[in-house]
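The primary structure of each chain is shown beneath.
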Amino acid sequence: MTEIAASNFRHAQRHIRLDTILRLRWLAVLGQLAAIFIVAQGLEYNVEIVPCVSIIALSAAVNLGLQTAANPMQRLEPVQAAGLLALNIVELAGLLYFTGGLQNPFSFLFLAPVLISATALPARFTFGLGVLAVACASVLFFFHLPLPWDSDDPLVLPPIYLVGVWLSIVLAIGVTSLYSFQVTEEARKLADALAATELVLAREQHLTQLDGLAAAAAHELGTPLATIFLISRELEKTVKDASIAADLKTLREQTQRCRDILSKITQLSPTGAPFDRMKLSELIEEVVAPHRDFGVEIKVRIAVAVVAEPVGSRNPAILYGVGNIVENAVDFARTTVEVNAWWNKDIIELVISDDGPGIPPDILNRIGEPYLSRRRTVDDGGGERRGLGLGVFIARTLLERTGAKVSFTNRTFPEHGAVVQISWPRQRFETIETLEETIG
């Protein structure tokens, strides 16, 4: 019931397809050409057409070069994607220089490359692009050509307004990119954690299948080996030739050895074939047994009830989920972990508690989120291991998929320690058959 390391799933390298960025750049080229055409021809304003079209043509040439030299379907390294987004910012700054600087309402397009980076690239690249965008906006505040406007009625904006525009761009870049990054990061964490959950399910299923295969092989091979053993023993008694008798004796001994090996294989699983039916008390004992020899006393209390004890399948999702919670309780406990169970005709409830420090109030309502952890490792110099991370998320997800409700609380003062309550509808618990049903 070991907890999967979060590092196996987190901080995977992030890649953007070249085709995605090229599509955005071509969209920018078309939009910029349309804006210049409308302002110059439709509104008949005086626009610096040659330098603006030159910048747009350069952007289009870069796009064509990238499409020709590279496969658009390839995924760019983060630094390459950040470089193309930085080029977008510089090109936009060049166009704004010739069209009024921050007076141009399109100056807010500085946000676009930063937001794209916030949703797809590591934080350091997003920060760098944000700094570049703010730097370009700051330069344009002081240096730019006049805004294309009617020469008979020129537009003059007060400096305080331009300061407000600059400040709004800076704040928009900071706030929206931070928000986008956090939302995207949460989605990534959830996706990675769910992938880890599916990996645990697959691993538990494979282990169970191997368990069943070993039992089936031992059963199927037992009969022919017994036949070989009996025949070799009888032949050994009747053969007069000493050399042949010695060979028959060796054959009998090796056959017996094979039978002993198969006998040990069948004993590896206490319940034999996969998904055997087992009582709730047997399930609890199977989960608790691996954690009894770690210096923490584990007390198991089964309430006496009028209704018969519930019997369910030996479900790997339940075994892993409950086992992970018991393991965390043993890690946190000072001396004792209690596992209490009771049931009636409608509900089955399992309560796991410890006498440790309890769950910190600031994360009590967030228990079960992926990568929520305060665990300190030896490398951190923290001494004791303290934390609730990916393993608890996996355990809670697996248990909820079997129909359980899982809640986390602390003991009432003056007692201390964490309490995990797991409850199933009795009918659901007793009808869970296979891992495939749990996954579905």
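First things first, this report covers the structure right here in the doc. The structure displayed is predicted, hence computed values, not measured ones.

**A short note on the layout of surface pockets**
Now for step 1: Computed from the structure, the largest pocket encloses a volume of approximately 800 Å³.
Now for step 2: The wall of the largest pocket is formed by 30 residues, among which Gln32, Ala35, Leu92, Phe106 and Leu109 lie closest to the centre.
Now for step 3: Listing elements by their share of the lining of the largest pocket, those giving two or more residues are helix 1 (18–42), helix 2 (49–69), helix 3 (78–98) and helix 4 (111–120).
Now for step 4: With nine residues, the single largest contributor to the lining of the largest pocket is helix 1.
Now for step 5: By residue class, the composition of the lining of the largest pocket is 22 nonpolar, six polar and two charged.

**A few points about the packing of aromatic side chains**
Now for step 1: Taken as a whole and assessed by the stated rule, the structure comprises three aromatic pairs.
Now for step 2: Centroid distance tyrosine 97 to phenylalanine 98: 5.0 Å. Interplanar angle 85 degrees. Geometry classified as edge-to-face.

**Quick notes on the sheet that holds strand 7 (residues 347–354)**
Now for step 1: Spatially, 4-6-7-9-8 is the arrangement adopted by the five strands of the open sheet, whose pairing is mixed. In the strand order of this sheet, the two ends are held by strand 4 (297–302) and strand 8 (405–410), each with one partner. Averaged over all neighbouring strand pairs, the angle between strand axes comes to 15 degrees, with direction disregarded.
Now for step 2: As judged from the six bridges shared by strand 4 and strand 6 (residues 336–343), these two strands associate in the parallel manner. The residue bridging arginine 301 from the neighbouring strand is asparagine 340, located in strand 6.

About the cut-offs
- Residues numbered from 1 in each chain as written.
- Predicted model: local features only at pLDDT ≥ 70, side-chain atom pairs only at ≥ 80, totals over all residues.
- Heavy atoms only, no water.
- 1 Å grid on protein atoms, 1.4 Å probe; cavity = no way out; pocket = protein on both sides within 12 Å on 5 of 7 lines; lining within 4 Å.
- Points joined across faces, edges and corners; volume = space filled by probe spheres on them.
- Helix = DSSP H or I, 4+ residues; strand = E, 2+ residues; numbered from the N terminus.
- Nonpolar A, V, L, I, M, F, W, Y, C, P; charged D, E, K, R; others polar.
- Phe/Tyr/Trp six-rings, centres within 6.5 Å; stacked < 30°, edge-to-face > 60°.
- Pairing = 2+ DSSP bridges.
- Axes fitted to C-alpha atoms, helices over the stretch in contact; angles between N-to-C directions.

Bear in mind that shape data such as this cannot, by itself, settle questions of function.
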